[in-house]
Structure formats: C-alpha cells, structure tokens
Amino acid sequence: MTLSLTPETSLFARVGEEALRRLLWTFYARVTQDPDLGPVFARKIGPFPRAGWPLHISRLEGFWRAVTGGPSAYRGQPGPAHGGLGIGPAHFDRWLTLWEETLSEQLGPAEATAMLTLARRMRPNLERFAQPFPEVPVHDH
Ligand code: HEM
C-alpha cells in the first residue's frame, strides 16, 4: 500500500464550510430579487430570508457538500424538485449568470470555475425535469 503525502483535497475542503454557506445565502438573496427568478421561489419557499428559507438553504448546503466531495447527509432528488415550476431555458440562463457572478466575487478563480462547471453540467438534466411534459422512457417488452 502506498501512502500519498499529497492527498487530493476535495473541492468542499478548498471552498470551506463557512464560505459555502455564505455563498448560498448571497446567491439566493440575489435570486429572490431577480424579476424572473424571484417569483418562482417566492411561490414555493416564501419570502426571503424567512419562511422556508433556512431549511431550503440547509438542504442546498447538503447537496453542494455531496457534489463537492464533502461529508453530507443529503438524500434528495434535485430533478423532480424542478418539475411543475413553470420554468424554462431563460430561467436556467439567468440562474447560471447569477451563480457565475456570485462565485467570482466570493471564491478564488479555481474554485469558482469548478463550482460553475458542476452547475452547468447539471443543467440539462434539471431542465428536462422542468419541461411541462417530460419525456416518458419507453421500454421494449
Ligand atoms: C443548474 C441550475 C440549478 C441547480 C444546480 C439547482 C439545484 C437545486 C437543488 C439541489 C435543489 C434542492 C432539491 C431538494 O430539495 O432536494 C433545488 C430546488 C429548487 N430549485 Fe433549483 N437548481 C437550478 C436551477 C433552478 C432554476 C432556474 C429555478 C427556477 C427559477 C430553480 C428553482 C428551484 C426551486 C423552486 C426549488 C425548491 C423546490 C422544492 O422545494 O420543492 N432551480 N434546486
């Protein structure tokens, strides 16, 4: 067995727990002020930063901890959470623009790029779930 002296540090460890939490609160403060995104969240979660927001942010924190290699108890299903919200490509474009802006302000360039790449990769799947009539897989019998 070989012991590595330079173990790969997770993205979560590089970002840090405090910075991740701050990032999420700042990001959703902006999202909820946005004329297109804000109303969608207001309907589902309520007025920021009260109502369901502390719980929602802690779920999102769990999600981002999981996808960045940190310890996490997140067991949710991000896809179905985006069904029936009445959102489309323009919402995703805007979401990603605000995400990119917030990341570049709050994280170092390498971490910001990595967090942006993760979100961009998730987009097609989430967007599929967001469609009004998601394609139902057809099985051969
Ligand atoms: C790539 C972009 C996006 C990512 C990575 C993302 C990620 C997530 C995640 C991880 C959750 C938590 C799911 C859970 O509760 O387990 C969530 C929930 C949610 N997202 Fe997104 N999201 C994206 C885009 C959007 C957009 C564009 C909108 C709409 C404007 C949106 C609206 C919501 C809402 C309303 C919820 C709460 C759903 C509920 O509690 O039932 N998301 N998102």
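Residues numbered from 1 in each chain as written. Predicted model: local features only at pLDDT ≥ 70, side-chain atom pairs only at ≥ 80, totals over all residues. Heavy atoms only, no water.

## Considerations on the overall build of the chain
Check the secondary structure of the chain and you find seven helices and zero strands. In the chain, the order of α-helices and β-strands from amino to carboxyl end is α-α-α-α-α-α-α. With the C-alpha coordinates of the chain rotated into their principal frame, the extents come out at 50 × 50 × 25 Å. Here the chain holds 141 residues, and the buried ones make up 38% of them. (Helix = DSSP H or I, 4+ residues; strand = E, 2+ residues; numbered from the N terminus. Buried < 20%, exposed > 50% of the residue type's maximum accessible area, 1.4 Å probe, protein only.)

## Examining the site of the ligand
Neighbouring residues of the ligand: 22 residues in total, closest Phe41, Lys44, Arg59, Tyr74 and His82. Within the contact set of the ligand, an oxygen atom lies 2.8 Å away from a side-chain nitrogen or oxygen of arginine 59. Separating a nitrogen atom of the ligand from a side-chain N or O atom of histidine 82 is a distance of 2.8 Å. Contributing elements (two or more residues each) for the shell around the ligand: helix 3 (38-45), helix 4 (53-67), helix 5 (78-81), helix 6 (89-106) and helix 7 (109-130). At four residues, helix 4 tops the list of elements feeding residues into the shell around the ligand. (Near = heavy atom within 4 Å. Polar contact = N/O pair within 3.5 Å; in protein donor to acceptor, adjacent residues only side chain to side chain.)

## Side note on the coordination of the iron atom of the ligand
Looking at the protein side alone, the iron atom of the ligand has one donor only, His82 (NE2), at 2.0 Å. Summarising the element assignment, histidine 82 is placed in the loop between helix 5 and helix 6. (Donors = N, O, S within 2.8 Å, 3.2 Å for Na, K, Ca; no water.)

## Focus: the nonpolar core
In this structure, Tyr28, Trp64, Trp95, Trp99 and Met115 are the most contacted members of the largest nonpolar core, which totals 37 residues. Methionine 115 has contacts with Leu11, Leu20, Leu23, Trp64, Thr68, Trp99, Leu103 and Leu107, leaving out every residue within four places of it along the chain. (Core = buried A, V, L, I, M, F, W, Y, C linked by side-chain atoms within 4.5 Å. Contact = heavy atoms within 4.5 Å.)

## Describing the UniProt feature "binding site: heme" (unreviewed entry) in the chain
Sites flagged by UniProt as "binding site: heme" (unreviewed entry) map to His82. A polar contact of 2.6 Å, which involves the side chain of histidine 82, links it to the backbone oxygen of proline 78. (UniProt positions renumbered as here; feature names shortened; annotations may be inferred.)

## Digging into helix 3
Each α-helix winds once per 3.6 residues, and so residues spaced three or four apart point in a common direction. Of the residues making up helix 3, those classed as buried are Gly38, Val40, Phe41 and Ile45. Along the axis of helix 3, the buried residues cluster in a sector spanning 160°; they form a single face. Residues of helix 3 that are buried sit in contact with helix 2 (17-33), helix 4 and helix 6. Taken from the residues just after helix 3, glycine 46 is the one with a positive phi, measuring 100°. (Arc of directions from axis to C-beta.)

## Regarding the packing of aromatic side chains
Within this structure, the stated rule accounts for twelve aromatic pairs. Consider the rings of tyrosine 28 and tryptophan 53, whose centres lie 5.6 Å apart with planes at 45°: the pair is tilted. Pair noted here: tyrosine 28 is in helix 2 and tryptophan 53 is in helix 4, with a separation of 25 residues, a long-range link. Put simply, the rings of Trp25, Phe27, Tyr28, Phe41, Phe48, Trp53, Phe63, Trp64, Tyr74, Trp95 and Trp99 pair up and form one aromatic cluster. (Phe/Tyr/Trp six-rings, centres within 6.5 Å; stacked < 30°, edge-to-face > 60°.)

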